[in-house]
Amino acid sequence: MIRITGLLWVSAATDEKDNSIVFSSTAATKSFFRQGEQSQRLLLWLLLLPLCAALWSGSVRANEEPWRLYKKAEHISLQQRHIRQRGKKLLQVKVQLDYQGSMSAFLRVLADTNNAALWLHNVAQVSLLAKPSLYEDLVYTRFNAPWPLTERELVSCSEWQQQSDLTFNMQVWDCADLHPDNPGKLRLRGFSAHWQLKPLPDARVRLIYTGIADAGGKVPRFLSDPVALSSSWKSFLALQQQLQLATYQQAHPGICEVAQQPVSDACQALKAAVKKR
């Protein structure tokens, strides 16, 4: 791997000199974010499906019910099941899709916030709050909600890395306490998510997503689950199309593509990391 990290507790403080967010960790844990770094370059905001502001979690219990197919189309499928977390019965979804294009396209699509509404269902706003490095982001996302429901908002941290076999992994977790609450909005808390991309033959990529959908508030499960599944399916179908557009195929500086010529800095860094093992 280019970088080795772990998903642990994250805290934040404010630098009195420049008022910039500083990410830190307790003595017993390691932070995903390197302390004090910040940038306003490329926005790698989180891909969080619009379930009228859903929570997504990648943690799964081995004894939960088996997956059931919700829908399947060409090179894409969505499965569902219910698991119990924090005393609540939650809907978990798992999506697998293949697309023709580069792995870099995934990050390019996420960065194109001006066109997010073309594929991300019900999104109202996405803003970069801090960018400690090329691989890390702190992001604010706001979702529309039909009356009389309250609009949902999400503050999330993310980090991605690439392994020696070119597998890409992105971890996303809750950073709700790093940004002030907005009056009249429901802040979503306590989530995590995992994205994985793997290169396939013939310039194709397989994307796998696993997470939990929780709309927050007091929306009954029999009402929120159908909406969550429908919104997820629409978003992933649209995402599959976006990932294949030519405008997003430009190589990302942090991604090593299959048979990339000339050899990129990312590929050289990946090879160097493997040699040190």
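Data block above holds the structure.
Residues numbered from 1 in each chain as written. Predicted model: local features only at pLDDT ≥ 70, side-chain atom pairs only at ≥ 80, totals over all residues. Heavy atoms only, no water.

Some points on the environment of Asp 165
Definition in use: The way it works is that DSSP assigns letters per residue, a run of H or I at least four long becomes a helix, a run of E at least two long becomes a strand, and they are numbered from the N terminus. With a 1.4 Å probe rolled over the protein chains alone, any residue whose accessible area is under 20% of its type maximum counts as buried; one over 50% counts as exposed, and the rest are partly exposed. N or O atoms closer than or at 3.5 Å make up a polar contact, with two conditions inside protein: a donor-capable atom paired with an acceptor-capable one, and, for residues adjacent in sequence, both atoms drawn from side chains.
Relative to the elements of secondary structure, Asp 165 occurs in the loop between strand 8 (152-162) and strand 9 (168-174). Note on Asp 165: relative accessible area 46%, which makes it partly exposed. Through-space distance from the C-alpha of Asp 165 to that of Leu 270 is 9.5 Å; in sequence the pair is 105 residues apart. Among the polar contacts made by the side chain of Asp 165, one reaches the side chain of Thr 167 at a distance of 3.0 Å.

Topic: the pairing of strand 8
Rule in force here: What makes two strands pair is DSSP finding at least two bridges between them.
Counted residue by residue, strand 8 has eleven buried out of eleven residues, so it is predominantly covered. The alternating pattern of strand 8 places Arg 152, Leu 154, Ser 156, Ser 158, Trp 160 and Gln 162 on one face and Glu 153, Val 155, Cys 157, Glu 159 and Gln 161 on the opposite face, and all of these are buried. Bridge count for strand 7 (residues 136-143) against strand 8 is eight bridges, and the pairing is antiparallel. Looking across to strand 8, one finds that Leu 138 is bridged to Cys 157. Relative to strand 10 (residues 186-187), strand 8 runs parallel, the two sharing two bridges. Pairing of Glu 153 across the sheet is with Arg 187, part of strand 10. Across seven bridges, strand 8 lies against strand 9 in antiparallel orientation. The residue of strand 9 that forms the bridge with Cys 157 is Trp 173.

Structural notes on the packing of aromatic side chains
Test applied: Side-chain rings of Phe, Tyr and Trp (the six-membered ring for Trp) are treated as a pair once their centres are within 6.5 Å; stacked means planes under 30 degrees apart, edge-to-face means over 60, and tilted covers the remaining angles. Two thresholds decide whether a charge sits over a ring: the Lys NZ or Arg CZ must be within 6 Å of the ring centre and within 35 degrees of the ring normal.
Applying the stated criterion across every chain, the model contains seven aromatic pairs. Taking the centre distance of 5.8 Å and the plane angle of 45 degrees together, the rings of Trp 195 and Phe 236 count as tilted. One end of the pair, Trp 195, is in strand 11 (residues 192-200); the other, Phe 236, is in helix 2 (residues 221-242), with 41 residues separating them in the sequence. A relative accessible area of 0% places Trp 195 in the buried class. Through pairs of rings, three or more aromatic residues link up here, namely Phe 106, Tyr 135, Trp 160, Phe 168, Trp 195, Tyr 209 and Phe 236. Sitting above the plane of the Trp 67 ring, Arg 81 keeps its charged end 4.3 Å from the centroid.

What about the environment of Tyr 209?
Tracing the sequence through the fold places Tyr 209 in strand 12 (residues 204-213). A relative accessible area of 0% places Tyr 209 in the buried class.

Here's the deal with the pairing of strand 9
The element strand 9 is extensively covered by neighbouring structure, given that five of its seven residues are classed as buried. Here strand 8 folds back onto strand 9 in antiparallel fashion, the turn holding five residues, of which Leu 166 has a positive phi close to 75 degrees. Bridging between strand 9 and strand 11 involves six bridges; their strand directions are antiparallel. In the sheet register, Trp 173 faces strand 11, and the bridge partner there is Ser 192.

Regarding the pattern of salt bridges
Defined as follows: Any carboxyl oxygen of Asp or Glu within 4 Å of a side-chain nitrogen of Lys or Arg constitutes a salt bridge here.
Inspection of the entire model under this criterion finds ten salt bridges. Put simply, Lys 131 and Asp 137 hold a salt bridge, and the shortest N to O gap is 3.1 Å. Considered together, Lys 131 and Asp 137 belong to a single accessibility category, that of buried residues. With its nearest N and O atoms 3.1 Å apart, the salt bridge here joins Arg 142 to Glu 151. One connected set of salt bridges, linked through shared partners, spans Glu 153, Asp 177, Asp 181, Arg 187 and Arg 189.

Looking at the nonpolar core
Nonpolar side chains in soluble globular proteins tend to end up buried together. Convention followed: To qualify as a nonpolar core, a set must consist of buried Ala, Val, Leu, Ile, Met, Phe, Trp, Tyr and Cys residues joined through side-chain atoms within 4.5 Å. Two residues qualify as a contact provided that any one of their heavy atoms is within 4.5 Å of a heavy atom in the partner residue.
With 44 residues, the main nonpolar core has Phe 106, Phe 168, Met 170, Leu 207, Phe 236 and Leu 243 as its most contacted residues. If we ignore the near neighbours within four places in the chain, the residues touching Phe 168 are Met 103, Phe 106, Leu 107, Trp 160, Gln 161, Gln 162, Trp 195, Gln 196, Leu 197 and Ile 255. Counting eight residues, the second-largest nonpolar core is a separate cluster that includes Ala 130, Leu 138, Cys 157 and Cys 175.

Section: unusual backbone geometry
The phi angle at His 75 is positive, at roughly 65 degrees, despite the residue not being glycine. By the secondary structure assignment, His 75 is in the loop between strand 3 (68-73) and strand 4 (76-85). The exposure class assigned to His 75 is partly exposed, which follows from its relative accessible area of 41%. If you check the backbone angles, Leu 166 has positive phi at about 75 degrees while not being a glycine. Turning to its location among the elements, Leu 166 is positioned in the loop between strand 8 and strand 9. Among the residues examined, Leu 166 registers a relative accessible area of 13% and is labelled buried.

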